[in-house]
Amino acid sequence: MTDVVALGEVMLRFDPGEGRIRTARTFQVWEGGGEYNVVRGLRRCFGLRTAVVTALADNAVGRLVEDLILQGGVDTSLIRWVPDDGIGRGARNGLNFVERGYGIRGALGVSDRAHTAVSQLRKGDVDWEAVFSAGVRWFHTGGIFAGLSDTTVDVADEAMAAARRHGVTVSYDPNYRPSLWTGRGGAEAAREVDLRLARHADVVVGALGLAGTCPGDVRVAADEVPDALACVAALLPEAKVLATTLREVPSAGVNDWSSAAWSVDTGVITGPRMPGLHVLDRIGSGDAFAAGLIHGLLTGVGLQQALAYGTAHGALVMTTPGDVSMATLAEVEALLAGGSAHVRR
């Protein structure tokens, strides 16, 4: 039985290490994707049984992505394989070139993901009744998958509605990416999609992404978070939990890191504060936060502790390269207990 299923794209991430994309001669390759990173973290750090629904072109690159997913322990049986035409005229696999940034130079991502196999998924391609009748406890998707194409919005809507019919807890992360909406209505179109899909969700991660009139049009100060979350709650009357990371970025290598959440029972609460957090690679930290939060909510420890799990897991993911979690549950719990960076032998 699978505990958590995610719907999203899984790309190959090309990482030039300490260098720049435009001058690189070698890259390290990882797998990654906003929704996939969540179930990868839930499997490897928190020990839950997870699966990803995605689509890949059936060629050597797609099989490399599959191999990386398998190494992460995520079930690949729900991958939809699309026949390869030789050069990707009809469908291809997504690539994501990411440099980490350093000091005053921020991280940079250059994605190559148009016309990918997963972006061409349509309603009816996945038998959601079969997926959710197998005892799944939680379903997660987000605005990155929904933003891939006009058809993926409908697929996400179909999946979330099916999950709700089966009594599965549903989470959604707006995760706005401007590059996905260029020429397709921009931030206003993204906001319309986010509100359509988030209304299916029990839990909204990255909820401050729904503050304001369009994604990214407001910067919420720390003392404004309670009011902002209250405004989002008014937009989503069915939501049980809203959660968000809180980040200040003095430099690419040092972030002030915390979190906040809202529920009907608790009102607004805040997570552990981690000022001056040293960052090796921030990509995927929000997804790691979502994984820790989901773990806590599934295990019934309460929202305050779930928020702490998410905050600590997100912090640890920023200490290693790549999108995906290399942290252990013991490390997460040690950090929450006040653990230090002293050598362990």
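Check the entry above for the structure.
Summary of the structure given here. Keep in mind the model is a prediction, meaning the values are calculated, not measured. Counting of residues starts from 1 at the beginning of each chain's written sequence and follows it residue by residue. Per-residue local features are limited, in this predicted model, to residues with pLDDT of at least 70; the limit for side-chain atom pairs, both in listing and counting, is 80 or more; totals at the level of whole chains, interfaces and linings are taken over all residues. Neither water nor hydrogens contribute to the side-chain values; these are computed over all heavy atoms in the structure.

## Topic: the environment of L242
Looking at the secondary structure, you find L242 in strand β12 (residues 241-251). It is 31 Å that separates the C-alpha atoms of L242 and F97, two residues lying 145 residues apart in sequence. Should any heavy atoms of two residues lie within 4.5 Å, those residues are counted as being in contact. Discounting residues that sit within four places of it in the chain, L242 has contacts with V204, A207, L229, V232, A233, L236, A260, A261 and W262. Under the DSSP-based scheme used, a helix requires at least four consecutive residues in state H or I and a strand at least two consecutive residues in state E, with every element numbered from the N terminus.

## Looking at the pattern of salt bridges
Definition used for salt bridges: Asp or Glu carboxyl oxygen within 4 Å of a side-chain nitrogen of Lys or Arg. Applying the stated criterion to the full structure yields 20 salt bridges. Where R219 meets E248, a salt bridge forms, and the shortest distance between an N and an O atom there is 2.9 Å. Placement of the pair is R219 in the loop between β11 (203-205) and α8 (225-235) and E248 in strand β12, with a sequence separation of 29 residues. Among the residues examined, R219 registers a relative accessible area of 63% and is labelled exposed. For E248, a relative accessible area of 40% corresponds to the partly exposed category. One network of salt bridges, with partners in common, ties together R13, D15, R100, D281 and D323. Relative accessibility decides the category of a residue: with a 1.4 Å probe and only protein chains considered, values under 20% of the type maximum give buried, values over 50% give exposed, and everything between is partly exposed.

## A word on unusual backbone geometry
A positive phi is found at H115, a non-glycine position, where the angle reads about 65°. With respect to the element layout, H115 can be found in the loop between β8 (108-112) and α3 (128-132). Positive phi outside glycine occurs at N175, with the angle close to 40°. Note on placement: N175 falls in the loop between β10 (169-173) and α6 (178-181). Residue N175 is classed as buried on the basis of its relative accessible area of 18%.

## Quick look at the side chain of R13
Mapping R13 onto the fold places it in strand β2 (residues 11-15). Here a polar contact is recorded for every N or O atom pair within 3.5 Å, except that within protein the pair must consist of a potential hydrogen donor and a potential acceptor, and residues adjacent in sequence are included only if both atoms are side-chain atoms. There is a polar contact of 2.7 Å between the side chain of R13 and the side chain of D323. In this view, R13 contacts Q28, V29, W30, N96, V98, R100, D281, I283, G322 and D323; residues no more than four positions away in its chain are not counted.

## A few points about the sheet that holds strand β7 (residues 95-99)
Any two strands with at least two DSSP bridges between them are considered paired. Strand order in the open sheet formed by 4 strands is β3-β2-β7-β8, with mixed pairing between adjacent strands. Each edge of the sheet is formed by a strand with only one pairing partner; in this case those strands are β3 (28-32) and β8. The mean inter-strand angle of the sheet, taken between neighbouring strand axes irrespective of direction, is 25°. In terms of strand pairing, β2 meets β3 through 5 bridges, oriented antiparallel. By the bridge assignment for β3, M11 is matched with G32. Axis lines are fitted to C-alpha atoms, over the contacting stretch for helices. Their N-to-C directions set the angle, which ranges from 0 to 180 degrees. Packed onto the sheet, helix α2 (residues 60-71) meets β2 and β3 and runs at close to 85° relative to β2.

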